[in-house]
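Inside the fold
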Amino acid sequence: MLIAVEGIDGTGKTTVSRYIVELLRKKGFECVLLREPGDSEYGERIRNSKKRLSPEKELELFMLDRIEDVKNNILPALEEGKVVVMDRYYFSSIAYQGARGLDAEEIRKMNEKMAPKPDLVILLDAEPEVVLERIKSRGDLTPFEDLEYLKKVRENFLKYADESTVIIDASNPLDKVKEEVKRVICEFLNVNLQKNPD
Ligand code: TYD
């Protein structure tokens, strides 16, 4: 099983992905938690770049980072029967690089050619105005976090939500969000374990 947690910055993806792993481990599943950008040299380059890269260069680095992640981490874990939980996945490329003017549909296609499609996407959704306040109070604004840009990113996330996506209102307090996530995960497991009892 492959589960992705997506959403604009400041919606609580990291807390929620850790919480999902905790829940699943309690239920006896072996889990691997991965985050994107990952630990490849490309992921490091994205993190360390001082100035904003061009949209094309940015997309290229995110793609190269993901190709490594799929080959080295995601596919091996899935083959070993583990549950993989992703703190960001290719919907982030569709949403963020799409919002910089690249063709979002093309980005979706190129990713789905090489990256396994998640069984469940938890989209943590909130108004950019709300999350920017949170990020400011945390004191770590990055070039990805500009109001007009995040509005477009959010629109793309919502537009590319498909049958595996569950949208959760992330403007609520984190405890409420976690409660909702727990409900979604339990329901997802019920449906999936009935389909694949082994
Ligand atoms: P991340 O490390 O998740 O930052 P944060 O912890 O602040 O959420 O990601 C850094 C930025 O990278 C984030 O603003 C979103 C962006 N990003 C893309 O633009 N495209 C992508 O494909 C991915 C995975 C992330």
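Just so you know, these numbers come straight off a predicted model, no measurement behind them.

1. Digging into unusual backbone geometry
Geometrically, the link from glutamate 36 to proline 37 is a cis peptide bond, its omega value of -5° lying close to zero. Tracing the backbone through its elements, the reader meets proline 37 in the loop between β2 (31-35) and α2 (41-48). Even without being glycine, arginine 88 reaches a positive phi, approximately 80°. Structurally, the position occupied by arginine 88 is in the loop between β3 (83-87) and α4 (90-99).

2. Some remarks on helix α8 (residues 174-195)
Between its terminal C-alpha atoms α8 stretches 31 Å, which fits the 32 Å expected from 22 residues at 1.5 Å a residue. Of the positions making up α8, those classed as buried are Val177, Val181, Val184, Ile185, Phe188, Leu189 and Asn192. Viewed along the axis of α8, the buried residues span an arc of 140°, placing them on a single side of the element. Of the residues in α8, the exposed ones pointing more than 90 degrees away from the buried face are Asp175, Glu179, Asn190 and Gln194.

3. Observations regarding the environment of aspartate 175
As for its position among the elements, aspartate 175 is in helix α8. Classification of aspartate 175 as exposed rests on a relative accessible area of 62%. The spacing of aspartate 175 and glycine 81 is 94 residues in sequence and 30 Å in space, taken between C-alpha atoms.

4. A word on the packing of aromatic side chains
In this structure the tally under the stated criterion is 4 aromatic pairs. Summarising the aromatic geometry, the rings of tyrosine 90 and phenylalanine 91 are spaced 4.6 Å apart at their centres and angled 20° between planes, so their arrangement reads as stacked. The residues tyrosine 90 and phenylalanine 91 share a single accessibility class, namely buried. The rings of Tyr89, Tyr90 and Phe91 are connected pair by pair, giving a single aromatic cluster.

5. Concerning the pattern of salt bridges
Enumeration according to the criterion identifies 18 salt bridges in this entry. Lysine 151 serves as the salt-bridge partner of glutamate 148, at 3.7 Å between the closest nitrogen and oxygen. Of this pair, glutamate 148 and lysine 151 are both found in helix α7 (residues 147-159), 3 residues apart, which corresponds to roughly one turn of the helix. Here glutamate 148 falls in the partly exposed class, since its relative accessible area comes to 49%.

Criteria and thresholds
- Residues numbered from 1 in each chain as written.
- Predicted model: local features only at pLDDT ≥ 70, side-chain atom pairs only at ≥ 80, totals over all residues.
- Heavy atoms only, no water.
- Helix = DSSP H or I, 4+ residues; strand = E, 2+ residues; numbered from the N terminus.
- Expected span 1.5 Å × (residues − 1).
- Buried < 20%, exposed > 50% of the residue type's maximum accessible area, 1.4 Å probe, protein only.
- Arc of directions from axis to C-beta.
- Phe/Tyr/Trp six-rings, centres within 6.5 Å; stacked < 30°, edge-to-face > 60°.
- Salt bridge = Lys/Arg side-chain N within 4 Å of Asp/Glu carboxyl O.

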